[in-house]
Amino acid sequence: MKQRLFKALLTSAVVAVSATTLTTTTASAAECIAPANPGGGWDFTCRQIGKILFDIGAVDKPVQVTNMPGAGGGLAYGNVVNERSDDADLIVAASSATTTRLAQNAYAGMTADQVRFVGAIGADPGVIVVAADSPFQTLGDMVDAIKADPGSVAFAGGSAVGGFDHLKPLMILKEGGFTDITKVKYIGVDGGADAITQTVGGFTQAMTGDMSEVVSFLANGDIRVLAVLTDERVPGFDDIATATEQGFPVVAVNWRGLYVPKGISDAKFDEWAGKLQQVADSPEWAEAMAANGLAPFTRVGGDFQSYVDGLVADIATMSKELGVTQ
């Protein structure tokens, strides 16, 4: 059975933000919250989209990025819902990990309908990674080791236990005939950079995450990517085999996008959607995607909100099938 899930971006760090509207008027200073430490996928989303918004003239000043790690994105989500529910100049990095946690009630009872999902403009392929000196040369090697001794391989990932990064190796193992997923070790940390550090340092045997999180480590020779979780090999990384090629038909990509507070006006929601579309259409974003292993995936405004509503329902169903939730 092929599991298909469109997955897939904070110590305060500041780059500057003040947004203009799509007309000639100037809005008050804006901010992008990245709900994790610098270096991970949510941080990448805020910094890349914020920079391009300014570079292409969609905003008149650079965008301020605030890192707000904690609770797998829950700290930032709660802050937006409870403290900034009508802040029209706030955008927040999100991904499939966000919808996974919401679907699994991981944010202390908060629900997906408490914010508005404004758009996604790229899909980050899921990856399974080991340190460069790992004995595992293929995905099959790893699956065989876990089947022989489930406790011998621990995964590190940037999502909480039961989150999207956790689901990826579980889906692969399920395809490999291993169903006792509660015996698989997983350590959730705040962001992909921390997860790779755990693996390169030998504290875990593998990392489960996204392509954008591992590109620099791959270039430096610190890691080996055992599999990319896409239908086809990722352009620019053609030497990395898909999980499907290796006999494990799992596709798990992490969309990269934004949500905004629920209490903003429809006009402001549409304005942010329009700005995000401008970024998606720009050559600067095309270059950023190519440099970071992202694939095009553009949905904005109401179309994206409808997509997210369906995604939350799908994740809830899959989580039950995998035994992650009851």
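Note that the structure is a prediction, hence the values are computed from the model and not measured. (Residues numbered from 1 in each chain as written. Predicted model: local features only at pLDDT ≥ 70, side-chain atom pairs only at ≥ 80, totals over all residues. Heavy atoms only, no water.)

1. Examining the overall build of the chain
Helix and strand counts for the chain come out as ten helices and 13 strands. Relative to the globule expectation of 20 Å for 326 residues, the C-alpha radius of gyration of the chain, 19 Å, shows essentially globular dimensions. Counting only C-alpha atoms and orienting by the principal axes, one finds that the chain spans roughly 65 × 40 × 35 Å. Burial statistics for the chain: of 326 residues in total, 59% are counted as buried. (Helix = DSSP H or I, 4+ residues; strand = E, 2+ residues; numbered from the N terminus. Rg over C-alpha atoms; globule rule 2.2 N^0.38 Å. Buried < 20%, exposed > 50% of the residue type's maximum accessible area, 1.4 Å probe, protein only.)

2. What to know about the pattern of salt bridges
As enumerated under the stated definition, the model contains 13 salt bridges in all. Here Lys-268 and Glu-271 are joined by a salt bridge, their closest N and O atoms 3.0 Å apart. Within this pair, Lys-268 and its partner Glu-271 are both found in helix H8 (residues 266–280), separated by three residues, close to a single helical turn. When salt bridges that share partners are traced, they join Asp-124, Asp-165, Lys-168, Asp-210 and Arg-256 into one network. (Salt bridge = Lys/Arg side-chain N within 4 Å of Asp/Glu carboxyl O.)

3. Points about the state of the cysteines
Within the structure shown, the criterion is met by one disulfide. The disulfide partner of Cys-32 is Cys-46, and the gap between their sulfur atoms is 2.0 Å. Judged by the torsion about the S-S bond (-75°), the Cys-32/Cys-46 disulfide is left-handed. Within this pair, whereas Cys-32 is found in strand E4 (residues 31–34), its partner Cys-46 is found in helix H1 (residues 41–55), the two being separated by 14 residues in sequence. For the pair formed by Cys-32 and Cys-46, the shared burial category is buried. (Disulfide = S-S within 2.5 Å.)

4. Description of the environment of Gly-188
By the element assignment, Gly-188 lies in strand E9 (residues 185–188). Classification of Gly-188 as partly exposed rests on a relative accessible area of 40%. Separated by 31 residues in the primary sequence, Gly-188 and Gly-157 have C-alpha atoms spaced 5.2 Å apart. Those residues in contact with Gly-188 that lie beyond four places of it in its chain are Gly-157 and Ser-159. (Contact = heavy atoms within 4.5 Å.)

5. Let's talk about the pairing of strand E10 (residues 206–210)
The element E10 is largely enclosed, with a buried count of five among its five residues. Burial of E10 is two-sided: the residues Ala-206, Thr-208 and Asp-210 facing one way and the residues Met-207 and Gly-209 facing the other way are all buried. Two elements, strand E7 (residues 115–131) and E10, share four bridges in a ladder whose sense is antiparallel. Bridge pairing links Val-129 to Met-207 in E10. One ladder, built from three bridges, connects strand E8 (residues 154–157) with E10; its direction is parallel. (Pairing = 2+ DSSP bridges.)

6. Looking at the packing of helix H5 (residues 164–175) against helix H10 (residues 302–322)
For the pair H5 and H10, the least separation of the axes is 11 Å and the interaxial angle reads 55°. Here H5 is positioned oblique relative to H10, judged by the angle of their axes. Crossing of H5 over H10 shows left-handed handedness. Residues Leu-167, Leu-170, Met-171 and Lys-174 of H5 form the contact with H10, whose own contacting residues are Met-318, Ser-319, Glu-321 and Leu-322. (Axes fitted to C-alpha atoms, helices over the stretch in contact; angles between N-to-C directions. Parallel < 35°, antiparallel > 145°, perpendicular 65-115°, else oblique. Left-handed = near helix turned anticlockwise from the far one by under 90°.)

7. Describing the environment of Gly-57
For Gly-57, the position within the fold is in the loop between H1 and strand E5 (59–67). Relative accessible area serves as the criterion here: at 52%, Gly-57 is assigned to the exposed category. Separated by 23 residues in sequence, Gly-57 and Val-80 place their C-alpha atoms 27 Å apart.

8. Regarding the confidence of the model for the chain
A residue-level look at the chain finds 91% of positions with pLDDT of 70 or above and a mean pLDDT of 88. Every residue in residues 1–27 is under pLDDT 50, and counting partners more than four places away or in other chains gives 134 contacts. (pLDDT = per-residue confidence, 0-100.)

9. Notes on H10
Each α-helix turn comprises 3.6 residues. Residues three or four places apart therefore point the same way. Along its 21 residues, H10 runs 30 Å from first to last C-alpha, staying within 8% of the 30 Å computed at 1.5 Å per residue. Phe-304, Gln-305, Tyr-307, Val-308, Leu-311, Val-312, Ile-315, Met-318, Ser-319 and Leu-322 are the residues of H10 that are buried. Buried residues in H10, looked at end-on, bunch into an arc of 145°, giving them a common side. The first or second residue beyond H10 is Gly-323, which carries a positive phi of 80°. (Expected span 1.5 Å × (residues − 1). Arc of directions from axis to C-beta.)

10. Concerning empty space enclosed by the protein
Estimated volume of the largest cavity: approximately 160 Å³. Around the largest cavity sit 23 residues that line it, and Gly-41, Trp-42, Gly-158, Gly-191 and Glu-213 are the ones nearest its centre. The element best represented in the lining of the largest cavity is H1, accounting for three residues. Within the lining of the largest cavity, the residues separate by chemical class into four nonpolar, eleven polar and eight charged. In terms of lining residues, the second largest cavity is bounded by Ile-128, Leu-139, Met-142, Val-143, Ile-146, Phe-155, Pro-169, Ile-172 and Leu-173. Residue contributions to the lining of the second largest cavity peak at four residues, all from helix H4 (residues 139–148). Partitioned by chemical class, the residues of the lining of the second largest cavity number nine nonpolar, no polar and no charged. (1 Å grid on protein atoms, 1.4 Å probe; cavity = no way out; pocket = protein on both sides within 12 Å on 5 of 7 lines; lining within 4 Å. Points joined across faces, edges and corners; volume = space filled by probe spheres on them. Nonpolar A, V, L, I, M, F, W, Y, C, P; charged D, E, K, R; others polar.)

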